[in-house]
Amino acid sequence: MKKILCVVGTRPEAIKMAPVIAALQNEAWAECRVLATAQHRHMLDQVLQLFAIEPDIDLDIMRPNQALTTLTARLLLDLDDVLQAEKPAAVLAQGDTTTVMTVALACFYHQIPFGHVEAGLRTGQLFNPFPEEANRIIAGHLARWHFAPTASAKSNLRREGIPEGHITVTGNTVIDALLQIAAQNPKLTVELPTDKRLVLVTAHRRENFGEPFRRVCTALRTLADRNADIHILYPVHPNPNVKDVAHAMLGGHARITLCEPLDYAPFVAAMQRAYLLLTDSGGVQEEAPALGKPVLVMRTETERPEAVTAGVVKLVGTDSECIVAETQRLLDDQTAYCAMARGVSPYGDGHAAERIVHVLRTWAAG
Ligand code: UD1
Ligand code: UDP
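Residues numbered from 1 in each chain as written. Chains lettered and ligands numbered in written order. Predicted model: local features only at pLDDT ≥ 70, side-chain atom pairs only at ≥ 80, totals over all residues. Heavy atoms only, no water.

1. Details of the site of ligand 1
In the region of ligand 1, 24 residues are neighbours, and Gln39, His40, Arg63, Asn65 and Glu132 sit closest. Contacts to ligand 1 include His42, whose backbone N or O atom sits 3.1 Å from an oxygen atom. In the model, an oxygen atom of ligand 1 is placed 2.8 Å from a nitrogen or oxygen of the Gln66 main chain. With the chains in place, 93% of the 740 Å² that ligand 1 exposes on its own is no longer accessible. (Near = heavy atom within 4 Å. Polar contact = N/O pair within 3.5 Å; in protein donor to acceptor, adjacent residues only side chain to side chain. Areas by Shrake-Rupley, 256 points an atom, 1.4 Å probe, with all protein chains shown as cover.)

Below is the structure:
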């Protein structure tokens, strides 16, 4: 038996690791242990509950409005203790959060092989997204296994000198999770007008805090003012830099519903019901195209160019007028809308976790 430690810290990591954890739990050679750093608390617990994942260890790291330096330092110290006690044969983590970067570093110090799920995403701009681009580069260069979601992610890794034999193109595990939940016919848990087109919004990126995020809110308000036939649903990220501004600028509008973060199943239902999505989220950029929903990304860069190239996701930046104009175009121009609502899924076929586990099974057998 090989002990494999799967680490999750935030909501998207849990969604994207859930299929991998489920697949590993079915492997006779593997003892799958789950470590929750709980960099997120409530939003992580929502996902763990949905996928029936009970962490073996919980570091309960989250503090209100946590700063990156203290978060990083506390994670490293706690992870050091865990690796010392657990002595796993390998460790897996997903993505680009502070949890993932510190897990990769702690594994390096303990010389434990680390598998990076969703490897190779890059914008090429160190401060955009911040701090995720740096987190990915650090985690990537310390990893033994790189599970790249797409061929272009693999190319990024090869350009940085990662050996061919260490990279496997697997698809993104988010599509595994999405298809699993979508098949369960999820229900939306928020009351919304049934006679209006739903515009679903999420936003939380650190590089957008302050003025860019205020411009996003101005755009949302303008769209709601101008279009009597739409309703905006915005589950607000609990980061106070987002939550306080969103409620101050958008609260009380008749055509805007602000709510707490939705559980994943109702959020999938909201994506299915949406006419279009406005977001700066990574995961939503991957999921919504698979559901045939146009996505306007309120960022100037994306590390997920495949759906942009396919024409089903468009970068609109954080300029209010640009966000309003591009959204209005999709609301008014049926041809432009249909061109983006094509159900393209460049990020996976729902079998990414199987491919990841296959690589680990081969390693375990050798
Ligand atoms: C983090 C990740 C980001 C990822 C995002 C997914 C880092 C630096 N950032 O951003 O890459 O895209 O998660 O959502 O790793 N909070 C709560 N309850 C929760 C979760 C967060 O109250 O369940 C609040 C807390 O005040 C917390 C703050 O949000 O201190 C920030 O959390 P943090 O994980 O540091 O950053 P995010 O902005 O959530
Ligand atoms: N999501 C959710 N509830 C919400 C908003 C988003 O379950 O209210 C899901 C979404 O479907 C996606 C993931 O959370 O799978 C994205 O997480 P987030 O936007 O927080 O992080 P990112 O993907 O940008 O790292």
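2. Observations concerning the packing of aromatic side chains
If you walk through the whole model with that rule in mind, you get five aromatic pairs. Here the aromatic rings of Phe108 and Tyr109 are separated by 6.0 Å at their centres, their planes lie at 50°, and the arrangement is tilted. When its relative accessible area of 46% is taken as the criterion, Phe108 is described as partly exposed. Seen in terms of ring centroids, Trp145 and Trp363 are 5.0 Å apart; in terms of plane orientation they differ by 75°. Their pairing is edge-to-face. With Trp145 in strand 6 (residues 145-148) and Trp363 in helix 15 (residues 352-365), this residue pair connects regions lying 218 residues apart in the sequence. (Phe/Tyr/Trp six-rings, centres within 6.5 Å; stacked < 30°, edge-to-face > 60°. Buried < 20%, exposed > 50% of the residue type's maximum accessible area, 1.4 Å probe, protein only. Helix = DSSP H or I, 4+ residues; strand = E, 2+ residues; numbered from the N terminus.)

3. Regarding helix 13 (residues 320-332)
Taking 1.5 Å per residue, 13 residues should reach 18 Å; helix 13 reaches 18 Å between its end C-alpha atoms and fits that length. For helix 13, the set of buried residues is Ser320, Ile323, Val324, Glu326, Thr327, Gln328, Leu330 and Leu331. (Expected span 1.5 Å × (residues − 1).)

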